[in-house]
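Architecture at a glance
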Amino acid sequence: MSAAKPALPPSSFALCSLQGSLLTLAALTIVSFTFLSLKSLHSPPQYTTTNTPQTLSAPINQTVSKDEAEELSDIYHSPEVFRLNYAEMERKFKVYIYTDGDPNTFYQTPRKLTGKYASEGYFFQNIRESRFRTEDPDQADLFFIPISCHKMRGKPLVMDRLTIDVYMMSVIVMSSEVDISPGTSYENMTVIVQNYVDGLISKYPYWNRTLGADHFFVTCHDVGVRATEGVPLLVKNSIRAVCSPSYDVGFIPHKDVALPQVLQPFALPAGGNDLSRLPLTLSYYIDDRNSFYLQKCFRTTLGFWAGHRNSKIRVILARVWENDTELDIANNRISRATGHLVYQKKFYRTKFCICPGGSQVNSARIADSIHYGCIPVILSNYYDLPFNDILDWQKFSVILKEKDVYQLKEILKGIPDSEFVTLHHNLVKVQKHFQWNTPPIRYDAFHMAMYDLWLRRHVIKY
């Protein structure tokens, strides 16, 4: 009779059970990690909403057409970020417009939509036509200060009594007749701007929440710059959307917005998409009945510039190159007596259009060059180009320092034909960004300006 096996002590039995469980758990863990590792090799990483960067916070199911993807591929610093941010801007961005100020004086409405101040006028009109306006200041991302320096330099305003509205109180200039002439001094304009801003600060709580960092105003050319630079609280704290973004007039690139100066309506249709092996374009001619005729010609002129010699760089440009046979450099503006639209037609025949800084660094010549399909050559120091943080200007223009004026022809002739063709095709893609419309349309100059403002909306509210 065999002896029975001794029973295991309870402690030994528990130890074996624990070891078996641990071995089973380890085996399952290894299998799980192996499965997940193999799966990750065949599928892209998935991000949750909380981990997705804010700059890419557009709807996941948003689709983009093949044509739009092609257009976004070459001319932007970050095409996909721009596409997603732009879509989010269209859905969320809200701007409150202060209602103070008489539209018959210097506030609320534009003076006109033509001339060198057209960008200012179009913005004043477009913001009211757009989806971005809100009448609820608590919903606003930014606040628009609707004072127009252009209107201060406009035609005489003759009234029996001029009322300048300042935060529900009135500063009344009493007279049997008040004449605000086009010669209004910059000192008086500065006083008007200062009083208006002080009135908004006293009447509303919104400025004081951020010291004006979520406020912006729009002005174009040199008048608005000079009229507002005497109001340091406005210039240093709020966002300036200006057409003369030179660093020597206090432009702050990370805060302010550079607007294109556009002379609209354009005298002739847009140029571009006109290149074959040789730089070919279509020239437009108008007969006495305002009918258009088309005639093929070549871009045979290497470079072109004509204008006032109102800056040092323009004087040097004219002196060095005005007698050159390949560069068409005029010593002054082209007189209308020389023929109908001679100046505009030269853009069609030219490969590179020289854009030197004038009394201010900006010039409508840049937008003219883009519109007519002539590669702009930026010849200026310290110039923050319009929409520079969105568009890659190196892809559709030539950017030079003022010291390069002496080697201008050598530089332009050294650009290969293949590079010129690429620049030209990209130039056509950006034309829509330098066009104002009423009402505004997607991706036009107004929407690009709004996108620049959207990028600057993040401020601390106390």
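For the structure given in this document, a descriptive report is provided here. (Residues numbered from 1 in each chain as written. Predicted model: local features only at pLDDT ≥ 70, side-chain atom pairs only at ≥ 80, totals over all residues. Heavy atoms only, no water.)

A few words now on the state of the cysteines. Under the counting rule described, the total for this entry stands at one disulfide. Between the sulfur of C353 and that of C374 lies a disulfide, 2.1 Å long from S to S. The chirality of the disulfide connecting C353 with C374 is right-handed, given an S-S dihedral of about 110°. Separated by 21 residues along the polypeptide, C353 in strand β13 (residues 350–356) and C374 in the loop between α12 (364–371) and β14 (375–379) bring together distant segments of the chain. The two residues C353 and C374 agree in class, both being buried. Of the cysteine sulfurs around C355, a residue in no disulfide, the closest is that of C353, at 6.7 Å. (Disulfide = S-S within 2.5 Å. Helix = DSSP H or I, 4+ residues; strand = E, 2+ residues; numbered from the N terminus. Buried < 20%, exposed > 50% of the residue type's maximum accessible area, 1.4 Å probe, protein only.)

Bringing the sheet that holds strand β7 (residues 239–242) into the picture now. One open sheet holds the six strands; their spatial order is β2-β1-β3-β6-β7-β8, and the pairing between them is parallel. Looking at strand neighbours, the two that pair on one side only are β2 (133–134) and β8 (257–258), the edges of this open sheet. Alignment of β7 against β8, held across two bridges, turns out to be parallel. Residue pairing across strands places A241 opposite V257, the latter belonging to β8. Sitting on the sheet, helix α4 (residues 118–129) is in contact with β1 (95–97), β2, β3 (142–144) and β6 (215–219), with an inclination near 135° to β6. (Pairing = 2+ DSSP bridges. Contact = heavy atoms within 4.5 Å. Axes fitted to C-alpha atoms, helices over the stretch in contact; angles between N-to-C directions.)

In total, this model carries 31 aromatic pairs according to the counting rule given. An angle of 55° between the planes, with centres 5.9 Å apart, marks the rings of F93 and F132 as tilted. Of this pair, F93 sits in the loop between α3 (79–92) and β1 while F132 sits in the loop between α4 and β2, and the two are 39 residues apart along the sequence. For F132, a relative accessible area of 0% gives the class buried. Aromatic rings pair up to connect F93, F123, F124, F132, F144, F216, F446 and W454 into one cluster. Between the NZ or CZ atom of K351 and the centre of the ring of F420, over which it lies, the distance is 4.8 Å. The ring of W454 has R457 lying over it, and the distance from NZ or CZ to the ring centre is 3.4 Å. (Phe/Tyr/Trp six-rings, centres within 6.5 Å; stacked < 30°, edge-to-face > 60°. Lys NZ or Arg CZ within 6 Å of the ring centre and 35° of its normal.)

Below, the discussion takes up unusual backbone geometry. Cis geometry marks the peptide bond from Q264 to P265; its omega dihedral reads 0°. Within the fold, P265 resides in the loop between β8 and β9 (280–286). Residue L211 is not a glycine yet carries a positive backbone phi of 60°. Examined against the element boundaries, L211 turns out to sit in the loop between α7 (206–210) and β6. Its identity is not glycine, yet L341 carries a phi of approximately 55°, on the positive side. Of note, L341 is situated in the loop between β12 (327–329) and α11 (342–348).

On to the nonpolar core. As a rule of thumb, nonpolar side chains are buried together in soluble globular proteins. Within the largest apolar cluster, 86 residues are counted, with the highest numbers of intra-cluster contacts made by F123 and M450. The greatest single-element share of this core, amounting to eight residues, is contributed by helix α15 (residues 445–455). Those residues within four positions of F123 in sequence are excluded, and the remaining contacts are F144, F216, V218, W436, F446, A449, M450 and L453. Core analysis: the second largest hydrophobic core is formed by 25 residues, I145, Y204, F217 and L234 among them. (Core = buried A, V, L, I, M, F, W, Y, C linked by side-chain atoms within 4.5 Å.)

Two pairing modes exist for strands in a sheet, parallel and antiparallel, and in both the strands are linked by backbone hydrogen bonds. If you walk across this open sheet you meet the five strands as β12-β11-β13-β14-β15, and the pairing is parallel. Every other strand in the sheet has two partners, leaving β12 and β15 (398–400) as the edge strands with one partner each. Strand-to-strand, the axes of this sheet are offset by a mean angle of 20°, without reference to chain direction. In the sheet, strand β11 (residues 301–305) pairs with β13 via three bridges, with the strands oriented parallel. When the bridges of β13 are listed, F304 appears paired with C353. Sitting on the sheet, α12 is in contact with β11, β13 and β14, with an inclination near 165° to β13.

Helices that pack against each other are described as a pair by the angle of their axes relative to one another and the distance between those axes. Contact geometry for α4 and α15: axes closest at 10 Å, N-to-C directions at 80°. Classified by the interaxial angle, the pair formed by α4 and α15 is roughly perpendicular. Taken together, the residues of α15 that come into contact with α4 (itself represented by F123, N126 and I127) are F446, A449, M450 and L453. (Parallel < 35°, antiparallel > 145°, perpendicular 65-115°, else oblique.)

Attention shifts here to α12. Within α12, eight of the eight residues are buried, which leaves the element mostly enclosed by the surrounding structure. Listing the buried residues of α12 in full gives A364, R365, I366, A367, D368, S369, I370 and H371. Buried residues along α12 sit in contact with β11, α10 (312–321), α11, β13, β14 and α14 (417–430). Trailing α12 by a residue or two, G373 shows a phi angle of about 80°, which is positive.

Among the structural elements, S130 can be located in the loop between α4 and β2. At 3.1 Å, the side chain of S130 forms a polar contact with the backbone oxygen of I127. A polar contact of 3.3 Å, which involves the side chain of S130, links it to the backbone nitrogen of F132. (Polar contact = N/O pair within 3.5 Å; in protein donor to acceptor, adjacent residues only side chain to side chain.)

It is worth spelling out the packing of α3 against α15 at this point. Put simply, α3 and α15 touch, their axes get as near as 10 Å, and they point 90° apart. Considered as vectors, α3 and α15 are oriented roughly perpendicular to each other. Residues V81, F82, N85, Y86, E88, M89 and K92 of α3 touch α15, and the partners they reach there are H447, M448, M450, Y451, W454 and L455.

This paragraph deals with α15. The buried fraction of α15 amounts to 10 of the 11 residues, a majority that puts the element mostly inside the structure. Buried residues of α15: A445, F446, H447, M448, A449, M450, Y451, D452, L453 and W454, and no others.

Applying the stated criterion to the full structure yields 14 salt bridges. The shortest N-O distance in the salt bridge between E90 and R442 comes to 2.8 Å. Linking E90 in helix α3 with R442 in the loop between α14 and α15, this pair joins segments that are 352 residues apart in sequence. Its salt-bridge partner being D100, residue K203 comes within 3.1 Å of it at the nearest N-O pair. Of this pair, K203 sits in helix α6 (residues 186–203) while D100 sits in the loop between β1 and α4, and the two are 103 residues apart along the sequence. Taking the relative accessible area as the measure of exposure, D100 reaches 4% and is therefore buried. Each of D324, E326, K409 and K413 takes part in a single network of salt bridges with overlapping partners. (Salt bridge = Lys/Arg side-chain N within 4 Å of Asp/Glu carboxyl O.)

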